[in-house]
Amino acid sequence: MGQLVWRRFRRHKMAIFGAVTLILLFIYSIGGALIFPESYANFADTPLRLTAPNLQHPFGTDTIGRDVLARTIYGGQISLMIGMLAVLIEVVLGILVGALAGYYGGIVDSILMRITEAMLNIPEIFLLIVMAKFFGGEIPEVDLFGRTFSGSVIVIVLIIGLTSWMYLARIVRAQFLSLKENDFVLAARATGTSNFEIIFRHILPNSIAPIIVSATLGVANAILAEAYISFLGLGVQPPTATWGNMLDGANNYLESAPWLWFFPGLLILLTVLSINFLGDGLRDALDPHSRAA
Amino acid sequence: MGRYIIKRLLQGIPLLFFISLILFLLMLNVGDPVATMGGRRVTRRADYERLRRQLGLDQPVYLQYAYWLLGNDWTKIDLDGDGVAETTGTRRGVLRGDLGISLLNRKPVIEVIGERLPNTLILMVASELVIVIGALLVGVFSALRQYSIMDNLITAILFIGYSMPIFFVALISMFIFAVLFKRWGLPYLPTVGMFDPQAGKTTAQVLWHMVLPVLSISIISFAAYSRYIRSTMLEVMGQDYIRTAKSKGLPRSEVVFIHALKNASLPIVTVIGLDLPLLLGGAVVTERIFAWPGMGRLFLDHVDRVDMPVIMGILMLVSLAVVVFQILTDIVYAWLDPRIRYEK
């Protein structure tokens, strides 16, 4: 099974390209931290504000004189971390809602699916903005891995997770609806297996392929969502850098300092693009029947 | 068909109810409207209490929701804080078309939104036209030349477009068409507002200012639509009736554009309907970047100042649009495609 998947995946050239680019981006944002300390990324060399890219500052400096290259490195760590953690929440919520609704059916299904549908019908960005306000306010800073993060990082992870689980829940529900009619479920039930075990040990492992695909593409969406919400000034608060909040206010410097928005924007684009390619390849490899085109 | 339409409409009602409930609960903690009201700082405790009472914020949540939904003109409310409800309420509730009054400028919410709505609508309609027409052309082109160099190139470009954050598209296109074009002495596009104040709000001005925002909104959906048309077109082109048409000796253009495209473009109706939330969301970001005075910017401005009636009004309007569009999509699709008949 694993070998077959790998062989199908390898044939998908764009997916390999995506995977390689993604690994490079990880090396960039984690390895780069070995070269520049975080204090350098947050150091404001005010007399040098808005310097164009040069040898000392290859990506230039921002409005208060911080090095853009170092900030894209540390911003990348946060953006990638937000993307993955948010998807973790998304997956847990999506599986829980989808599995309960699909397995139990009836009234549980009706209520859960009405909520899912209601959330789906509010355009995501509006929901994100309102939730950012709802969970915002004064948040203390957090210490994690020996570094200090703005507490807003946690809030952003939470709200992106809370606004994106609906598609996954629908996918999981559909899987459960069809899988629960199978004989192996009947057999498990006949031998007195508990509902909990049937859901998580018998049915869930059988529906893992679409969940993996959807979670992979979810990382791209989460990174985009972080970028949107930070771009609107409601996301992660400075001095903690993310690719999104480096773009906040950049349109005021459209003409005078294009390096301010070009590099973080390009990194977001590259990340999202490679994740989309990767997800596409994974779908073809894991789930060859799901594709019509 | 009639029964199907009624059934779909009836399903929309509980859905909207759930949406309003979720949104209302979210409104409870978006900030203190009294603290930021009209930019004035309320310092005296007594004034603060009085304002909260006037806004009905001292009531339990379920009553606040009931007043918002049904109005409060059928009951008496306590305005002076003596514990006796003596004043008859004046709100008529959302169900009777009263979205409340903006806390910022004391104007009815309907009026506040109504001023901005047309500006957003022209952006949306223009974008949708660009998307559909462009996607039909590109989709058909790449379907007819499947796996050619052009097809692969288009696919790559579309994937990039699909992965672009809207603001990055906007910033790049602003940089190229406004900054660089100006530098090169070419006619350049405006980046801010709806019209040049000196020229006034003429049609030509608005159209000229619309180019870049429409481009930014369109790009993401454009990619998805083109891929979609390409795949439906490929599917249709392989069908028997197309082979019949070809073997009959019909000109290729007639086969492609009349026989095939007609069927291949049917499913796009579904995509248009489902794509509305994405477009509306795109409008928020785009309007912010291009300082376009539409509903998205109105929303951001009023979220900043915790103007709950307006925020809630916009959110409900947007959700209503999405729900209605989905129902319309299903109905139009069933009506267009005789192979689909919804029973019951």
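Residues numbered from 1 in each chain as written. Chains lettered and ligands numbered in written order. Predicted model: local features only at pLDDT ≥ 70, side-chain atom pairs only at ≥ 80, totals over all residues. Heavy atoms only, no water.

Participant: How do you make sense of the environment of B:Thr87 when you look at a structure like this?
Facilitator: Residues and elements named next belong to chain B. For Thr 87, the location among the structural elements is in strand β2 (residues 87–88). According to the relative accessible area criterion, Thr 87 is partly exposed, its value standing at 29%. Among all residues touching Thr 87, those that are not within four sequence positions of it are Thr 75, Lys 76, Ile 77 and Leu 79. (Helix = DSSP H or I, 4+ residues; strand = E, 2+ residues; numbered from the N terminus. Buried < 20%, exposed > 50% of the residue type's maximum accessible area, 1.4 Å probe, protein only. Contact = heavy atoms within 4.5 Å.)

Participant: Explanation requested: the interface of chain A and chain B in the structure shown.
Facilitator: Accessible area lost during the coming together of the parts is what is often quoted as the interface size. Listed as interface residues are 39 residues of chain A and, on the opposing side, 45 residues of chain B. Carbon and sulfur atoms make up 81% of the surface buried where chain A meets chain B, a total of about 4,100 Å² over both sides. By the criterion of area lost to chain B, the three top residues of chain A are A:Asn121, A:Phe126 and A:Phe134, representing 17% of everything that side buries. Counting every contact that joins chain A to chain B gives two residue pairs in polar contact (both at pLDDT 80 or more). Listing elements by their share of the side of chain A that touches chain B, those giving two or more residues are α5 (106–120), α6 (124–135), α11 (208–231) and α12 (259–286) of chain A. The element contributing the most residues to the side of chain A that touches chain B is α12(A), with 11 residues. (Buried area = accessible area lost by both parts, 1.4 Å probe. Polar contact = N/O pair within 3.5 Å; in protein donor to acceptor, adjacent residues only side chain to side chain.)

Participant: Whenever I open this one, a nonpolar patch on the surface confuses me. Can you help?
Facilitator: Residue and element names in this part refer to chain A. Together, Leu 96, Leu 100, Tyr 104, Ile 107, Val 108, Ile 111, Phe 196 and Phe 200 line one region of the surface with nonpolar side chains, adding up to about 750 Å² of accessible area. Sorting the residues of the nonpolar patch by element identifies α4 (68–104), α5 and α10 (195–203) as the ones contributing at least two each. Among the secondary structure elements, Leu 96 is positioned in helix α4. Residue Leu 96 is classed as partly exposed on the basis of its relative accessible area, which comes to 41%. (Patch = residues over 30% accessible without salt bridge, like charges linked within 9 Å, V, L, I, M, F, W, Y side chains within 5 Å. Areas by Shrake-Rupley, 256 points an atom, 1.4 Å probe, with all protein chains shown as cover. Salt bridge = Lys/Arg side-chain N within 4 Å of Asp/Glu carboxyl O.)

Participant: Is there a simple way to explain empty space enclosed by the protein in this structure?
Facilitator: Vacant regions in the atomic arrangement are exposed by a probe of water-molecule size rolled over the atoms. Going through the model one piece at a time under the given rule, you end up with two cavities of 30 Å³ or more. In this structure, the largest cavity encloses a volume near 50 Å³. Put simply, the parts of the chain that give the lining of the largest cavity at least two residues each are α3 (38–41) and α4 of chain A. When grouped by side-chain class, the residues that make up the lining of the largest cavity number five nonpolar, two polar and three charged. In this structure, the second largest cavity spans a volume of roughly 30 Å³. Lining the second largest cavity are A:Phe126, B:Thr120, B:Leu280, B:Ala283, B:Val284, B:Met295 and B:Gly296. Of all the elements in the fold, those that place two or more residues in the lining of the second largest cavity are α10 (268–289) and α11 (295–304) of chain B. Here the element with the most residues in the lining of the second largest cavity is α10(B); it accounts for three residues. In terms of residue class, the lining of the second largest cavity is built from five nonpolar, two polar and no charged. (1 Å grid on protein atoms, 1.4 Å probe; cavity = no way out; pocket = protein on both sides within 12 Å on 5 of 7 lines; lining within 4 Å. Points joined across faces, edges and corners; volume = space filled by probe spheres on them. Nonpolar A, V, L, I, M, F, W, Y, C, P; charged D, E, K, R; others polar.)

Participant: Can you help me understand the nonpolar core in this one?
Facilitator: Across soluble globular proteins, you tend to see nonpolar side chains buried next to one another. One finds A:Ile129 and B:Phe167 to be the most contacted residues of the largest nonpolar core, which totals 169 residues. A total of 14 residues in this core trace back to one element, the largest contributor, which is α11(A). For this core, the two domains that each supply at least three residues are domain 1 (11–109) and domain 2 (113–336) of chain B. Not counting the four nearest positions on each side in its chain, B:Phe167 is found in contact with A:Ala227, A:Tyr228, A:Phe231, A:Leu247, A:Ile268, B:Val285 and B:Ile289. In terms of nonpolar packing, the next biggest core, distinct from the first, is built from 14 residues, A:Ala41, A:Phe59, A:Tyr74 and A:Phe263 among them. (Core = buried A, V, L, I, M, F, W, Y, C linked by side-chain atoms within 4.5 Å. Domains from an automatic or database assignment.)

Participant: Would you take a moment to explain the domain arrangement of chain B for this structure?
Facilitator: Residues and elements named next belong to chain B. Along its sequence, chain B is carved into domain 1 (11–109) and domain 2 (113–336). Computed from C-alpha coordinates alone, the two centres of domain 1 and domain 2 are separated by 37 Å. Counting the surface domain 1 buries against domain 2, the share from its top three residues, Met 27, Leu 104 and Val 109, is 30%. At the boundary of domain 1 with domain 2, the tally comes to one salt bridge.

Participant: Can you walk me through α4(A) in this structure?
Facilitator: An α-helical turn contains 3.6 residues, so any two residues separated by three or four positions project in the same direction. All names here are of chain A. Given a rise of 1.5 Å per residue, 37 residues ought to cover 54 Å, and the 52 Å separating the end C-alpha atoms of α4 matches this to within 8%. Counting buried residues along α4, 28 of its 37 residues qualify, which places the element largely inside the surrounding structure. Backbone geometry just after α4 places Gly 105 at a positive phi near 65 degrees. (Expected span 1.5 Å × (residues − 1).)

Participant: Which parts of the structure should I look at to understand the packing of aromatic side chains?
Facilitator: Two measures describe an aromatic ring pair: the distance that separates the ring centres and the angle between the ring planes. Within this structure, the stated rule accounts for 19 aromatic pairs over all chains. Measuring from centroid to centroid gives 4.9 Å for A:Phe134 and A:Phe135, while their planes differ by 70 degrees, and the two rings are edge-to-face. The class for A:Phe135 is partly exposed, based on a relative accessible area of 29%. Taking 6.1 Å as the distance between ring centres and 35 degrees as the angle between the ring planes, the aromatic pair formed by B:Phe181 and B:Trp184 counts as tilted. Judged by its relative accessible area of 21%, B:Phe181 falls in the partly exposed class. Relative accessible area serves as the criterion here: at 55%, B:Trp184 is assigned to the exposed category. Counting every residue linked through ring pairs, the aromatic cluster contains A:Trp261, A:Phe262, A:Phe263, B:Phe168 and B:Phe175. (Phe/Tyr/Trp six-rings, centres within 6.5 Å; stacked < 30°, edge-to-face > 60°.)

Participant: Can you walk me through the packing of helix α6 (residues 166–183) of chain B against helix α7 (residues 203–237) of chain B in this structure?
Facilitator: Residue and element names in this part refer to chain B. Between α6 and α7, whose axes approach to 9 Å, the crossing angle comes to 140 degrees. Relative to α7, the element α6 is oriented oblique. Considering only the axes of α6 and α7, their crossing is right-handed. Within the contact between the two elements, α6 uses Ile 166, Val 169, Ala 170, Ser 173, Met 174 and Phe 177 and α7 uses Leu 212, Leu 215, Ser 216, Ile 219 and Ile 220. Looking at the contact of α6 with α7, its residues break down into nine nonpolar, two polar and no charged. (Axes fitted to C-alpha atoms, helices over the stretch in contact; angles between N-to-C directions. Parallel < 35°, antiparallel > 145°, perpendicular 65-115°, else oblique. Left-handed = near helix turned anticlockwise from the far one by under 90°.)

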